[in-house]
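# Close look at the chain arrangement
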Amino acid sequence: MKRMVWFSILVLFAIAAGITLARAQTSEKDSAVVEREVREVFDKWSTALGRGDKKTYLDSFWNSPRLVIRIANGEWRGIEPYRKRIEAAQLPPASPSDYKNVEVVALGRDSAVVTYERPAPGGATGPAGESLIFRGTAVFIRTPDGWKIAAWHAHSVTEKSSAH
């Protein structure tokens, strides 16, 4: 009888361990899928920005008043104020190959963070003449319309302060 109890306990532990392992493997698999999908959207967004494709660029953002954008000495909350700003502006030229140190981290099945660096437009320089780069962070969420940027922050730093 004791053997049967111990055997049952052992089987239950083995089942629990198997379920835990399966969840971990599924989670890693899910993370890889999320990271690939988000990278595709990030590349599409950065390409649209560089080509001046305002429609594709703006369609990459979450259509919500809770959207937050903090870049280039400006802050916008909600897509409409930012849309007005972009429609009145010329987008800075860039190439997808300008984006360096791009890291995509899945936070779950429905959210991810992308960090990156890119040269400041127009060869901008700092006070001592050093080249400037933008460091950016974009938070992506899965919406019914696909992956969208829910928050974006970018700031300039001297290139020599960049981690390599």
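Residues numbered from 1 in each chain as written. Predicted model: local features only at pLDDT ≥ 70, side-chain atom pairs only at ≥ 80, totals over all residues. Heavy atoms only, no water.

Regarding its fold elements, the protein chain presents three helices and six strands. Helices (α) and strands (β) of the protein chain occur, in sequence order from the N terminus, as α-α-β-β-α-β-β-β-β. In the protein chain, which comprises 164 residues, the share counted as buried stands at 33%. Across the protein chain, contacts joining residues at least 24 apart in sequence account for 54% of those joining residues at least 6 apart. Surface accessibility of the protein chain: about 10400 Å² in total, with carbon and sulfur atoms responsible for 57%. (Helix = DSSP H or I, 4+ residues; strand = E, 2+ residues; numbered from the N terminus. Buried < 20%, exposed > 50% of the residue type's maximum accessible area, 1.4 Å probe, protein only. Contact = heavy atoms within 4.5 Å. Areas by Shrake-Rupley, 256 points an atom, 1.4 Å probe, with all protein chains shown as cover.)

Turning our eyes to something else, we now look at the layout of surface pockets. To find leftover empty space, a probe the size of one water molecule is rolled over the atoms. In this structure, the largest pocket occupies an estimated 280 Å³ of space. Lining the largest pocket we find 18 residues, and of these Ile71, Ala72, Pro92, Phe134 and Trp152 sit closest to its centre. When residues of the lining of the largest pocket are traced back to their parent elements, those giving at least two are helix 3 (79-87), strand 4 (111-119) and strand 6 (146-158). The dominant element in the lining of the largest pocket, judged by the number of residues it contributes, is helix 3, at three residues. By residue class, the composition of the lining of the largest pocket is 15 nonpolar, one polar and two charged. (1 Å grid on protein atoms, 1.4 Å probe; cavity = no way out; pocket = protein on both sides within 12 Å on 5 of 7 lines; lining within 4 Å. Points joined across faces, edges and corners; volume = space filled by probe spheres on them. Nonpolar A, V, L, I, M, F, W, Y, C, P; charged D, E, K, R; others polar.)

Another aspect to go through is unusual backbone geometry. Residues other than glycine predominantly adopt negative phi, and peptide bonds predominantly adopt the trans conformation. Even without glycine at this site, Asn101 takes up a positive phi of about 50 degrees. Here Asn101 lies in strand 3 (residues 100-106).

To continue, consider the pairing of strand 1 (residues 68-71). Examined bridge by bridge, strand 1 and strand 2 (residues 74-77) share four bridges and lie antiparallel to one another. Within strand 2, the position partnered with Arg70 by the bridge is Glu75. Hairpin geometry of strand 1 and strand 2 is characterised by an intervening segment of two residues between the two adjacent antiparallel strands and by a positive phi of about 40 degrees at Ala72. Of the strand pairs in this sheet, strand 1 and strand 6 are connected by three bridges, and their pairing is parallel. Looking at the pairing, Val68 lines up with Ala151 of strand 6. (Pairing = 2+ DSSP bridges.)

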